[in-house]
Amino acid sequence: MLNVEQLLSRFDPQTGEIAGVPAVERHLSDLRGCFADAAAYEQALAVDNPLVYTVASVALAGGAGDLNYAVGRLMPGCIGNEFYLTKGHFHAWRDAAEIYLGLSGDGLMLLEDEMTGESRVVPLRPHHVAYVPGHTAHRTVNVGPEPLIYIGVYPARAGHDYDAIARTNFRHLVVEHDGQPVLIPKQGKV
Ligand code: PAN
Ligand code: ZN
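Residues numbered from 1 in each chain as written. Chains lettered and ligands numbered in written order. Predicted model: local features only at pLDDT ≥ 70, side-chain atom pairs only at ≥ 80, totals over all residues. Heavy atoms only, no water.

1. Quick notes on the coordination of the zinc ion (ligand 2)
Consideration 1: At the metal site, the zinc ion (ligand 2) is ligated by His89 (NE2), His91 (NE2), Glu98 (OE) and His138 (NE2), and these contacts range over 2.1 to 2.3 Å.
Consideration 2: Metal-centred angles of 76 to 172 degrees between the 6 donor atoms at the zinc ion (ligand 2) mark the site as octahedral.
Consideration 3: Binding-site remark: the zinc ion (ligand 2) is held by donors from one chain whose sequence spacing is H-x1-H-x6-E-x39-H. With Glu98 in strand S7 (residues 98–104) and His138 in strand S11 (residues 136–142), this pair connects stretches of sequence that are 40 residues apart. Each member of the pair Glu98 and His138 is classed as buried. (Donors = N, O, S within 2.8 Å, 3.2 Å for Na, K, Ca; no water. Tetrahedral: all angles 85-135°; square planar, octahedral: opposite > 155°, others 65-115°. Helix = DSSP H or I, 4+ residues; strand = E, 2+ residues; numbered from the N terminus. Buried < 20%, exposed > 50% of the residue type's maximum accessible area, 1.4 Å probe, protein only.)

2. Comments concerning the packing of aromatic side chains
Two descriptors summarise a pair of aromatic rings, namely the distance from one centre to the other and the angle between the planes of the rings.
Consideration 1: Following the criterion strictly, the structure yields 3 aromatic pairs and no others.
Consideration 2: With a centroid separation of 6.3 Å and 25 degrees between ring planes, the pair formed by Phe35 and Tyr41 is classed as stacked. The exposure classification of Phe35 matches that of Tyr41, with both residues buried.
Consideration 3: With a centroid separation of 5.4 Å and 25 degrees between ring planes, the pair formed by Tyr100 and Tyr150 is classed as stacked. Note that Tyr100 is positioned in strand S7 and Tyr150 in strand S12 (residues 148–155), a separation of 50 residues in sequence. The two residues Tyr100 and Tyr150 agree in class, both being buried.
Consideration 4: By way of ring pairs, the aromatic residues Phe35, Tyr41 and Tyr84 are connected into one cluster.
Consideration 5: Its guanidinium or amino end placed over the ring of Tyr162, Lys87 lies 5.5 Å from that ring's centre, counting from NZ or CZ. (Phe/Tyr/Trp six-rings, centres within 6.5 Å; stacked < 30°, edge-to-face > 60°. Lys NZ or Arg CZ within 6 Å of the ring centre and 35° of its normal.)

3. A short note on helix H2 (residues 38–47)
Consideration 1: Looking at H2, one finds that the buried residues are Ala40, Tyr41 and Leu45. Buried residues of H2, seen end-on, are gathered within an arc of 130 degrees and therefore sit on one face of the element. Residues of H2 that are exposed and point over 90 degrees away from its buried face: Ala39, Gln43, Ala46 and Val47.
Consideration 2: Each element contacted by the buried residues of H2 is listed here: strand S4 (78–79). (Arc of directions from axis to C-beta. Contact = heavy atoms within 4.5 Å.)

4. Let's talk about a nonpolar patch on the surface
Consideration 1: Taken together, the side chains of Met1, Leu2, Val4, Leu7, Leu8 and Leu60 present a nonpolar region at the surface, about 680 Å² in accessible area.
Consideration 2: With a relative accessible area of 42%, Leu60 lands in the partly exposed category. (Patch = residues over 30% accessible without salt bridge, like charges linked within 9 Å, V, L, I, M, F, W, Y side chains within 5 Å. Areas by Shrake-Rupley, 256 points an atom, 1.4 Å probe, with all protein chains shown as cover. Salt bridge = Lys/Arg side-chain N within 4 Å of Asp/Glu carboxyl O.)

5. Overview of the site of ligand 1
Consideration 1: Inspection of the region around ligand 1 gives 15 residues, with Tyr53, Gly88, Tyr100, Tyr150 and Tyr162 positioned closest.
Consideration 2: Tyr53 places a side-chain nitrogen or oxygen 2.5 Å from an oxygen atom of ligand 1.
Consideration 3: A distance of 3.0 Å is found between an oxygen atom of ligand 1 and a side-chain nitrogen or oxygen belonging to His89.
Consideration 4: Starting from 390 Å² of accessible surface for ligand 1 in isolation, the protein chains cover 96%.
Consideration 5: Elements supplying a minimum of two residues to the shell around ligand 1: strand S2 (51–58), S7 and S12.
Consideration 6: Its residues assigned to classes, the shell around ligand 1 comprises 7 nonpolar, 6 polar and 2 charged. (Near = heavy atom within 4 Å. Polar contact = N/O pair within 3.5 Å; in protein donor to acceptor, adjacent residues only side chain to side chain. Nonpolar A, V, L, I, M, F, W, Y, C, P; charged D, E, K, R; others polar.)

6. Observations regarding the pairing of strand S9 (residues 119–124)
Consideration 1: In this sheet, S9 lies alongside strand S8 (residues 107–113) in antiparallel orientation, the contact comprising 6 bridges. Each bridged residue has a counterpart across the sheet, and for Met109 the counterpart in S9 is Val122.
Consideration 2: The hairpin formed by S8 and S9 contains 5 residues between the paired strands, and Gly117 there has a positive phi angle of roughly 75 degrees. (Pairing = 2+ DSSP bridges.)

What follows is the structure, given as structure tokens:
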């Protein structure tokens, strides 16, 4: 049986840290192709390469019924008028769903159905649980002034497929307009 240290994790909902678990860091330079305004991206990167998000993952077992989880911390910011975001992915095992719980900050999940291309946004903030069905690309967006901290729980066998959605980089984006987050189609104007 797993030992008590494995059965229990302690995390900080303000920083996104899980005690004893190293976090993967994604800087702006890791997000080439993720923001719609390529010129604004290159301009920002020429000035600085800030940390955009971190992910601390717990993957103890990989059996058919096992679960993994990860705490994410997505910093506030924009490239052009598009809010800071995660790369986004499908699960390699397409049937694998996921739940996201908001821990602090104010964010959105951008979802895109692989079959129909339909998009949805759902809130990601404290006291909310967001369900990501299988066959759905998912990306996290921070639309607030503070770091967005959240936890995602998914089947251990889900795997991450970044390439399939990177080809189109989602059909919609979330931009700031008159102080509010707005979902617009690519090429769309607000
Ligand atoms: C999350 C994500 C996390 C980082 O744990 O991995 O939000 O986003 P990217 O993986 O797209 O960089 C999850 O959805 N796991 O399946
Ligand atoms: Zn996922």
